[in-house]
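Report on the structure
What follows is the residue order along each chain.
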Amino acid sequence: MSGQDRPGAGVAGAPVLVTGLPRSGTSWTGKMLAASRDMVYVNEPLNPQHPPGRCPGVLDAEVTHRFQYICDDNAADWLPAFRDTVALRYRWAAELRANHSPYDLARLLRYGTAFAFGRLAGRRALLDDPFAVLSAGWFARRLGCRVIALVRDPVSFAASWRRLGWTVHFRELLDQPLLIRDHPELLALDDSQDPVAKTAALWRVTHGILTRTPGILVTSYESLAADPIPGFRRLYAYAGLTWTPAAERRIARACTGPSKEGGFRWSGLSRTAYRRMDSRRALDVAARGLSPEDAARVRALTLP
């Protein structure tokens, strides 16, 4: 594998990808890693919704599906763009051609200056992107990313999606021939009208893919939330980040505030699910919104 395929020499110079299905704690984990002040936080470049996605200054490639599948057979469409992203090379002209609203211009300045300053300061890219979850192995293998994949308890995951009114559109997966070729188990998914069963099926299939993929660290959201300081200290070591007293204080403050699990908030110019919370207490209400019968169904549907 060429040096161009793996920006950064060794763990200390590698970009980091935090991924996992949406509502699995990726934004929270990404923000806690960014507390090191060694990283430039990049929010969901593969999200097909604008914002945060469809910003060619950040990622100069056309995203066509939620959970876009990237592999060696279509790498020519993605590798040059992601090399720029993880090297913190912002594409000013491409962004200006695509996006012109006042918000877009403010975001251009924020990301453009953050990329430029980060590159000069020797910082690394930290990609927080749940939509990269099915391509996590490619990010590790071709870009040299240290990949952290968050997995949430399936009942809590399904309850979170239920509270937000989200559903699964399996056509986004089935319309990607390379994804089906490499993961034929997806063919068993059917687009029924049962949102609980569909969410459980998405969790089961994605969990199976993650656990079989080399080069990524699969991490329990619940274990992090129950004991965040030692948990994040282990993730810092895995990502090659410096654990400092200042980072520990920032993480402790962010994980002991009032818990407000639902919804989203704006962080600077990025809309993320991160919020300050008491991570231990958040676990106590994680299954809120699912009936005992639905919770039992999710458990049964997600058993190995």
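Just so it is clear, the structure is predicted and the values come from calculations on it, not from any experiment.

Here is what the cut-offs are and how they apply
Residues numbered from 1 in each chain as written. Predicted model: local features only at pLDDT ≥ 70, side-chain atom pairs only at ≥ 80, totals over all residues. Heavy atoms only, no water. Axes fitted to C-alpha atoms, helices over the stretch in contact; angles between N-to-C directions. Helix = DSSP H or I, 4+ residues; strand = E, 2+ residues; numbered from the N terminus. Parallel < 35°, antiparallel > 145°, perpendicular 65-115°, else oblique. Left-handed = near helix turned anticlockwise from the far one by under 90°. Contact = heavy atoms within 4.5 Å. Core = buried A, V, L, I, M, F, W, Y, C linked by side-chain atoms within 4.5 Å. Buried < 20%, exposed > 50% of the residue type's maximum accessible area, 1.4 Å probe, protein only. Patch = residues over 30% accessible without salt bridge, like charges linked within 9 Å, V, L, I, M, F, W, Y side chains within 5 Å. Areas by Shrake-Rupley, 256 points an atom, 1.4 Å probe, with all protein chains shown as cover. Salt bridge = Lys/Arg side-chain N within 4 Å of Asp/Glu carboxyl O. Lys, Arg positive; Asp, Glu negative; His and termini not counted. Charge placed at Lys NZ, Arg CZ, Asp CG, Glu CD. Pairing = 2+ DSSP bridges.

What about the packing of helix H6 (residues 154-164) against helix H14 (residues 292-301)?
As a packed pair, H6 and H14 sit with axes 9 Å apart at the nearest point and diverge in direction by 125°. One element, H6, and the other, H14, form an angle in the oblique class. In this structure, H6 meets H14 at a crossing whose hand is right-handed. For the pair formed by H6 and H14, the contact residues are Pro 154, Val 155, Ala 158 and Arg 162 on the first element and Asp 294, Ala 295, Val 298 and Arg 299 on the second.

Details of the nonpolar core
Note on soluble globular proteins: their nonpolar side chains tend to be buried together. Leu 46, Phe 82, Trp 138, Phe 139 and Leu 173 are the most contacted members of the largest nonpolar core, which has 54 residues in total. When residues in this core are grouped by element, the largest group, six residues, is from helix H9 (residues 195-212). If you look at the next biggest cluster of nonpolar residues, it comprises 25 residues, including Leu 33, Ala 35, Met 39 and Cys 255.

Digging into unusual backbone geometry
Residue Pro 51 is bonded to the preceding His 50 through a cis peptide linkage, with omega at -15°. Secondary-structure assignment places Pro 51 in the loop between strand S2 (39-43) and helix H2 (79-86). The linkage connecting Pro 51 with the following residue, Pro 52, adopts the cis geometry, with an omega of 10°. Following the sequence through the fold, Pro 52 ends up in the loop between S2 and H2. In this model, Arg 23 sits at a positive phi of 75°, which is unusual for a non-glycine residue. Turning to its location among the elements, Arg 23 is positioned in the loop between strand S1 (16-19) and helix H1 (26-34). Phi is positive for Leu 88, close to 60°, though the residue is something other than glycine.

A short note on the environment of Val 168
Of note, Val 168 is situated in the loop between H6 and helix H7 (171-174). Among the residues examined, Val 168 registers a relative accessible area of 5% and is labelled buried. Taking the C-alpha atoms as reference points, Val 168 and Ala 201, separated by 33 residues in sequence, lie 9.3 Å from one another.

Observations regarding the environment of Leu 88
Tracing the sequence through the fold places Leu 88 in the loop between H2 and helix H3 (92-98). With 23 residues separating them in the primary sequence, Leu 88 and Tyr 111 have C-alpha atoms 9.5 Å apart. Dropping the residues within four chain positions of it, Leu 88 is found in contact with Val 40, Phe 115, Gly 118, Arg 119, Arg 123, Arg 124 and Ala 125.

Here's the deal with a positive patch on the surface
Together, Arg 37, Arg 123, Arg 249 and Arg 253 give the surface a local cluster of positive charge. Structurally, Arg 253 is set in helix H12 (residues 245-254).

A few points about the pattern of salt bridges
All told, the structure shown has 13 salt bridges when counted by the stated rule. Between Asp 72 and Arg 142 there is a salt bridge, with the nearest N and O atoms lying 3.1 Å from each other. Separated by 70 residues along the polypeptide, Asp 72 in the loop between S2 and H2 and Arg 142 in helix H5 (residues 136-143) bring together distant segments of the chain. Look at Asp 72 and you get partly exposed, because its relative accessible area is 42%.

Some points on the sheet that holds S1
Strand order in the open sheet formed by five strands is S2-S3-S1-S4-S5, with parallel pairing between adjacent strands. Each end of this open sheet is capped by a strand with a single partner; those strands are S2 and strand S5 (216-220). Put simply, the sheet's adjacent strands are angled 20° from each other on average, direction ignored. Here four bridges tie S1 to strand S4 (residues 146-151), and the two strands are oriented parallel to one another. In the strand pairing of S4, Val 16 is matched with Arg 146.

Note that all results are geometric; they support no functional claim without further evidence.
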